[in-house]
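Reading the structure
For reference, the chains in residue letters:
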Amino acid sequence: MGIATITTVLDLIGVFINGLLGGAVARKRDLDLFGYLSIGLVSGLGGGLIRDTLLQHGPPDALTNAFYIPTALVGGMLAFLLQFTEQDWNRVFYLLDAIALSVWAITGAQKTLDVGLGWLPALLLGTITAVGGGAVRDLLLQRVPAVFGGNALYASVALVVAGIQVACSGLGAPVAGTVAGVVTGTALRVIAYRRGWALPEGTTWEPRDVLGKVTRHDRRDPDHRPPNAE
């Protein structure tokens, strides 16, 4: 099996899992069947559509490969039909999410390399492929995208996985990179969730306070001096 076939299979795995995850988010928002399918479709195809559009190497795979759209819809429909509690879902959510994140980071990086671009674009598009669908999904549901914080390591894991794939492809062993990337990314994401690892947040000061002070200072009369000034 060639690397192109492996990449497509992994891409479809990511499409299905993210379609399922999108449907689970739709369940939390009490959407109807159309909502399940729509959110599942966006979640499952969003990252790949962004990647393929940026690559400008023909129409996106989701529009030319007959398996992509049905696979995302099946994921959304499965989430609609399954009966599960939130506790049951939480047991498998991060595992599925970790697998999807890893396989999409790999496919994004490999597809970028396959069209002749360098390692840096491969890292970028590998990460975008992994997080793009979830970000678009969250925006549709008026939520701050998970990639911007509030959870365990996410985009950083995708970046690591894409780096593994790029490095192994450069050494002539892309299949080994695929295996190593999936194992490493899945383990790292799950461990980060269980141990509460996260990137540092910003400082507590608010930019508008600083800008307000500067603005008020700038509006003073340039000839004005404090009473005690010489």
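Here the structure is a predicted model, which means the values were calculated and not measured.

Rules and cut-offs
Residues numbered from 1 in each chain as written. Predicted model: local features only at pLDDT ≥ 70, side-chain atom pairs only at ≥ 80, totals over all residues. Heavy atoms only, no water. Core = buried A, V, L, I, M, F, W, Y, C linked by side-chain atoms within 4.5 Å. Buried < 20%, exposed > 50% of the residue type's maximum accessible area, 1.4 Å probe, protein only. Helix = DSSP H or I, 4+ residues; strand = E, 2+ residues; numbered from the N terminus. Contact = heavy atoms within 4.5 Å. Patch = residues over 30% accessible without salt bridge, like charges linked within 9 Å, V, L, I, M, F, W, Y side chains within 5 Å. Areas by Shrake-Rupley, 256 points an atom, 1.4 Å probe, with all protein chains shown as cover. Salt bridge = Lys/Arg side-chain N within 4 Å of Asp/Glu carboxyl O. Axes fitted to C-alpha atoms, helices over the stretch in contact; angles between N-to-C directions. Parallel < 35°, antiparallel > 145°, perpendicular 65-115°, else oblique. Left-handed = near helix turned anticlockwise from the far one by under 90°.

Next up on the list: the nonpolar core. Counting 22 residues, the largest nonpolar core has Val15, Leu45, Tyr68, Leu101 and Ala130 as its most contacted members. Going through the elements one at a time, helix 1 (3-28), helix 4 (68-81), helix 5 (86-114), helix 6 (119-140) and helix 7 (155-170) are the ones with two or more residues in this core. When residues in this core are grouped by element, the largest group, five residues, is from helix 5. Excluding residues within four positions of it along the chain, alanine 130 makes contact with Leu101, Trp104, Ala105, Tyr154 and Ala158. Ile17, Leu21, Ala24 and Ala79 belong to the second-largest nonpolar core, a separate cluster that totals 12 residues.

Turning next to a nonpolar patch on the surface. On the surface, Leu33, Phe80 and Leu81 cluster together to form a nonpolar patch covering roughly 260 Å² of accessible area. Along the chain, the position of leucine 33 falls in helix 2 (residues 33-55).

By the element assignment, glutamine 165 lies in helix 7. Its relative accessible area of 0% is what places glutamine 165 among the buried residues. Not counting residues within four places of it along the chain, the set of residues in contact with glutamine 165 comprises Ile3, Ile106, Ala109, Gln110, Pro174, Gly177 and Thr178.

Turning to the packing of helix 6 against helix 7, a few remarks are in order. The contact between helix 6 and helix 7 brings their axes to 8 Å, and the two run at 135°. What the angle tells us is that helix 6 and helix 7 run oblique. Two packed elements cross with a definite hand, and for helix 6 against helix 7 that hand is right-handed. In this structure, helix 6 contributes Trp119, Ala122, Leu123, Gly126, Thr127, Ala130 and Val131 to the contact, and helix 7 contributes Ala155, Ala158, Leu159, Ala162, Gly163 and Val166.

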